[in-house]
Amino acid sequence: MTTIFPRNTTIPTSKSEVFSTAADGQTVLETNAYQGEREFVRDSKLLGSFLLEGIPAALLRVPLIQVKFNIDVSGILSVTAVDKGTRKKQDITITGASTLRSDEVRIWRKYSDDIPVFNNYEK
């Protein structure tokens, strides 16, 4: 999992990353947006996902997919994926209704504080 916006990032903000396919002949790219900074995706909350279809079959890592992540001042997340070769585009908008509740945030922060890799100090 790639962390796009670390915790406490000031909004509005945006960031763009280039991704590619993971297998030869792959014609679909799934883009998932998660909330959380865990090492494993299963430990974060899925906010939304979409498929970018119609990528021409090629060797792995040949197609280049530009994915732009944008959070506006209202906390609305927009994710857009564009195949640089074909210009095919797919996007999703995720509103604040999908965020963690305050009690979930408190529990997750406590959990992350108990894991040394997430601490900002040495013991």
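Please read these numbers as outputs of a predicted model, since none were measured by experiment.

Assigned secondary structure in the protein consists of one helix and six strands. If you list the helices and strands of the protein from N to C, you get β-β-β-β-β-β-α. When the 123 residues of the protein are sorted by exposure, 24% land in the buried category. Looking at the protein alone, contacts between residues at least 24 apart form 59% of all its contacts between residues at least 6 apart. Summing over all exposed atoms, the protein offers an accessible surface of approximately 8200 Å²; the carbon and sulfur share of this is 51%.

Moving on to the confidence of the model for the protein. Within the protein, residue pLDDT values average 84, and 83% of them lie at 70 or more. Low pLDDT (under 50) marks residues 117-123, which in the prediction has six contacts with non-local residues, meaning those over four places away or in another chain.

If you walk through the whole model with that rule in mind, you get zero aromatic pairs. When the ring centre of Phe-40 is taken as origin, the NZ or CZ atom of Arg-42, which lies over that ring, is 4.5 Å away.

An order of 1-4-5-6 is seen for the four strands of this open sheet, with the pairing classed as antiparallel. Looking along the sheet, the strands with just one partner apiece sit at the ends: strand 1 (13-20) and strand 6 (89-94). Between one strand and the next, the sheet's axes are offset by a mean angle of 15°, whatever the strand orientation.

A few words on the nonpolar core. Residues Leu-52, Ile-65, Val-67, Leu-77, Val-79, Ala-81 and Ile-94 are the most contacted members of the largest nonpolar core, which totals 16 residues. Listing elements by their share of this core, those giving two or more residues are strand 2 (28-35), strand 3 (45-53), strand 4 (64-71), strand 5 (77-83) and strand 6. Looking at this core, the element that brings in the most residues is strand 4, giving four residues. Setting aside anything within four residues of it in sequence, one finds Val-67 in contact with Lys-15, Ser-16, Glu-17, Phe-19, Thr-31, Val-79, Thr-80 and Ala-81.

In this section: unusual backbone geometry. Cis geometry is found at the peptide bond from Ile-11 to Pro-12, where omega equals 5°. Its identity is not glycine, yet Arg-87 carries a phi of approximately 70°, on the positive side. Locating Arg-87 in the fold gives a position in the loop between strand 5 and strand 6.

The rules behind each value
Residues numbered from 1 in each chain as written. Predicted model: local features only at pLDDT ≥ 70, side-chain atom pairs only at ≥ 80, totals over all residues. Heavy atoms only, no water. Helix = DSSP H or I, 4+ residues; strand = E, 2+ residues; numbered from the N terminus. Buried < 20%, exposed > 50% of the residue type's maximum accessible area, 1.4 Å probe, protein only. Contact = heavy atoms within 4.5 Å. Areas by Shrake-Rupley, 256 points an atom, 1.4 Å probe, with all protein chains shown as cover. pLDDT = per-residue confidence, 0-100. Phe/Tyr/Trp six-rings, centres within 6.5 Å; stacked < 30°, edge-to-face > 60°. Lys NZ or Arg CZ within 6 Å of the ring centre and 35° of its normal. Pairing = 2+ DSSP bridges. Axes fitted to C-alpha atoms, helices over the stretch in contact; angles between N-to-C directions. Core = buried A, V, L, I, M, F, W, Y, C linked by side-chain atoms within 4.5 Å.

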